[in-house]
Amino acid sequence: MDKLKIIKIVVFVMTFLLIFGTLYAFGLIYKQTTHKSSPAQATSINLNQTKGSYIAALSSNGNELYLLIKGGGLSDRIITFDTKNQSIISTLTLN
């Protein structure tokens, strides 16, 4: 009779660990998949363009942002901006 009681206790403990371990694992997976990253802080960046200039088109590729700038009494230009370092990489002037 003692052996049967020990087997019942072992089965109960293992079932408990299996059920709650599975629930815990599902909880961790759910938490990681629904975790919202904190929103980026708003920053102000000056592109040093003349007054009257405006962004006519915008495109991105990874960490690079391509801005087509028109107006301001200058030729059209494309600015390549690095969003990671928040700096201008290059300016291409269109004639």
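See the structure above.
Criteria and cut-off values
Residues numbered from 1 in each chain as written. Predicted model: local features only at pLDDT ≥ 70, side-chain atom pairs only at ≥ 80, totals over all residues. Heavy atoms only, no water. Helix = DSSP H or I, 4+ residues; strand = E, 2+ residues; numbered from the N terminus. Rg over C-alpha atoms; globule rule 2.2 N^0.38 Å. Buried < 20%, exposed > 50% of the residue type's maximum accessible area, 1.4 Å probe, protein only. Contact = heavy atoms within 4.5 Å. Areas by Shrake-Rupley, 256 points an atom, 1.4 Å probe, with all protein chains shown as cover. Phe/Tyr/Trp six-rings, centres within 6.5 Å; stacked < 30°, edge-to-face > 60°. Expected span 1.5 Å × (residues − 1). Pairing = 2+ DSSP bridges. Axes fitted to C-alpha atoms, helices over the stretch in contact; angles between N-to-C directions.

### Quick word on the overall build of the protein
Per the secondary structure count, the protein includes 1 helix and 4 strands. Secondary structure elements in the protein, listed N-terminal to C-terminal, are α-β-β-β-β. In terms of overall dimensions, the protein is more spread out than a globule: its C-alpha atoms have a radius of gyration of 30 Å, far above the 12 Å expected for 95 residues. Expressed as lengths along the three principal axes of its C-alpha atoms, the size of the protein is roughly 95 × 20 × 20 Å. Classification of the 95 residues of the protein by burial places 8% in the buried group. Of all intrachain contacts in the protein linking residues separated by at least 6 positions in sequence, the fraction that spans at least 24 positions is 13%. Counting every atom, the protein has about 8300 Å² of accessible surface; 62% of that belongs to carbon and sulfur.

### A short note on the packing of aromatic side chains
Applying the stated criterion to the full structure yields 1 aromatic pair. Ring geometry for Phe16 against Phe20: centres 4.6 Å apart, planes inclined by 50 degrees, an arrangement best described as tilted. In this pair, Phe16 and Phe20 both sit in helix α1 (residues 2-34), 4 residues apart, roughly one turn of the helix. Judged by relative accessible area, Phe20 falls into the partly exposed class, the value being 46%.

### Some points on α1
Compared with the 48 Å implied by 1.5 Å per residue over 33 residues, the 48 Å span of α1 between its first and last C-alpha is a close match. In terms of burial, α1 is a largely surface element, 0 of the 33 residues being buried.

### Here we look at the pairing of strand β3 (residues 77-82)
Across the 6 residues that make up β3, a large majority, 5, are buried. The pairing of strand β2 (residues 64-71) with β3 spans 6 bridges and is classified as antiparallel. Bridging across to β3, Leu65 finds its partner in Phe81. Pairing analysis gives 6 bridges linking β3 to strand β4 (residues 87-93), with the strands arranged antiparallel. What sits directly across from Phe81, in β4, is Ile88.

### Comments concerning the pairing of strand β1 (residues 53-61)
As defined by bridge partners, β1 adjoins β2 across 8 bridges and the pair is classed as antiparallel. By the bridge assignment, Ala57 is partnered in β2 with Leu68. Linking two consecutive strands that pair antiparallel, namely β1 and β2, is a turn of 2 residues; a positive phi of about 65 degrees is found at Gly62 within it.

### Overview of the sheet that holds β1
The strand order across the open sheet formed by 4 strands is β1-β2-β3-β4, and the pairing between neighbours is antiparallel. Both outer strands of the open sheet, β1 and β4, are each paired with one neighbouring strand and no more. Across the sheet, the mean angle from the axis of one strand to that of its neighbour is 20 degrees, orientation sign disregarded.

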